[in-house]
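# Coordinates in review
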Amino acid sequence: MSGTWTLPDDLEVPIRPDFFPAPGGDLPQHWSKCFGCGDDQPTGIAMRFTAAEGIEVAGRLTVESRYQGGPGVIHGGILTTAFDETQGIACMVLGSPVVTGHLQIDFARPIPLGSVLEFRARIDGTIRRKVYTSAEARIVEGPAASDEVVATSRGLFLRIKPEHFTPMAEFVDGVPTMPSFGNSTL
Ligand SMILES: CC(C)(COP(=O)(O)OP(=O)(O)OC[C@H]1O[C@@H](n2cnc3c(N)ncnc32)[C@H](O)[C@@H]1OP(=O)(O)O)[C@@H](O)C(=O)NCCC(=O)NCCS
Ligand SMILES: CCCCCCCCCCCCCC(=O)O
């Protein structure tokens, strides 16, 4: 990673909770209308996630041609979205909802269209409501596949109360197929 990111010294690292699936087990979408993971969001990127070892999660994204930024490569904003989503899903081990407060990406290598990206993310530690996360991406299928890390991300998420989204309920378009985790008011 070449960006600047300093972890506080006094972080607590969560342990894998009993409710977390075994490694390889599916993790749920956090909100069915989410652009990143929702199955009720036709224009989204519909990422799917599994639990990995420890408190790590894994997610995949096939780089479709509609995700193009520079000629033949993924748009940086789409890559950022995938990191945001994966790191948010990694926060599920806490069992309480979070939102993204800060996210920074290092774009290390060009990622050609048609690549299948694998993202790995985990919580590095928490302090008060702050949740420090990190993640990296590799191309696991396609002509450019290798073990090399093609992008990394660091993100600060904030634990929120379920009521956080209540003022936004009137903006939800239609009826979600699955309520937002931790928010029965939507
Ligand atoms: C993130 C958010 C909830 C934080 O607001 P808040 O709950 O009032 O949090 P506070 O301002 O009390 O900050 C809590 C802590 O987080 C830190 N913090 C908050 N936002 C931060 C940021 N962007 N960068 C770094 N630190 C941040 C504060 O410094 C504070 O740290 P401390 O515990 O060491 O004092 C609010 O800014 C928000 O709703 N932002 C929009 C989030 C969003 O929509 N994300 C995208 C979709 S998930
Ligand atoms: C009750 C447990 C709920 C845990 C749900 C945490 C998952 C939140 C993921 C948030 C990712 C949002 C990304 C974004 O919108 O920018």
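The rules behind the values
Residues numbered from 1 in each chain as written. Chains lettered and ligands numbered in written order. Predicted model: local features only at pLDDT ≥ 70, side-chain atom pairs only at ≥ 80, totals over all residues. Heavy atoms only, no water. UniProt positions renumbered as here; feature names shortened; annotations may be inferred. Helix = DSSP H or I, 4+ residues; strand = E, 2+ residues; numbered from the N terminus. Buried < 20%, exposed > 50% of the residue type's maximum accessible area, 1.4 Å probe, protein only. Contact = heavy atoms within 4.5 Å. Pairing = 2+ DSSP bridges. Salt bridge = Lys/Arg side-chain N within 4 Å of Asp/Glu carboxyl O. Near = heavy atom within 4 Å. Polar contact = N/O pair within 3.5 Å; in protein donor to acceptor, adjacent residues only side chain to side chain. Areas by Shrake-Rupley, 256 points an atom, 1.4 Å probe, with all protein chains shown as cover. pLDDT = per-residue confidence, 0-100.

## Regarding the UniProt feature "domain: Thioesterase" (unreviewed entry) in the protein
Per the UniProt annotation, the sites labelled "domain: Thioesterase" (unreviewed entry) are residues 72–141. The straight-line gap between the two end C-alpha atoms of residues 72–141 is 16 Å; of that span, 21% is helix and 49% is strand.

## Examining the environment of Ala-52
As for its position among the elements, Ala-52 is in the loop between strand E2 (48–51) and strand E3 (57–62). Classification of Ala-52 as buried rests on a relative accessible area of 6%. Each residue touching Ala-52, except ones within four places of it in the same chain, is listed here: Arg-16, Pro-23, Val-57, Ala-58 and Arg-120.

## Quick look at the pairing of strand E7 (residues 149–159)
Among the 11 residues that make up E7, eight are buried, leaving the element largely enclosed by the rest of the structure. Two strands pair when backbone bridges link them, and strand E4 (residues 98–107) and E7 are joined in this way by nine bridges, in the antiparallel orientation. Each bridged residue has a counterpart across the sheet, and for Val-98 the counterpart in E7 is Arg-159. Judged from the nine bridges that link them, strand E6 (residues 130–141) and E7 form a sheet pairing that is antiparallel. Pairing of Thr-133 across the sheet is with Gly-155, part of E7.

## With respect to the pattern of salt bridges
With the rule as written, the count across this model stands at 10 salt bridges. In this structure, the salt-bridge partner of Asp-173 is Lys-33, at a minimum N-O distance of 4.0 Å. Taken together, the residues Asp-173 in the segment after E7 and Lys-33 in the loop between strand E1 (26–27) and E2 connect sequence positions 140 residues apart. Linking Arg-109 and Glu-148 is a salt bridge whose minimum nitrogen-to-oxygen distance equals 2.7 Å.

## Observations concerning the site of ligand 1
Neighbouring ligand 1 are Val-99, Thr-100, Gly-101, His-102, Arg-128, Arg-129, Lys-130, Leu-156, Leu-158 and His-164. In the environment of ligand 1, an oxygen atom lies 2.7 Å from a nitrogen or oxygen atom belonging to the side chain of Arg-128. Here an oxygen atom of ligand 1 and a side-chain polar atom of Arg-129 are 2.6 Å apart. When ligand 1 sits alone it has 940 Å² of accessible area, and the protein chains cover 43% of it. Breaking the shell around ligand 1 down by element, the ones donating at least two residues are E4 and E7.

## Here's the deal with the confidence of the model for the protein
Here the protein averages 93 in pLDDT, and 94% of its residues register 70 or above. Predicted confidence is poor over residues 182–186, with pLDDT under 50, and the contacts of this stretch with residues over four places away or in other chains come to nine contacts. Taken together, the chains of this predicted complex give a pTM of 0.95 and an interface ipTM of 0.97.

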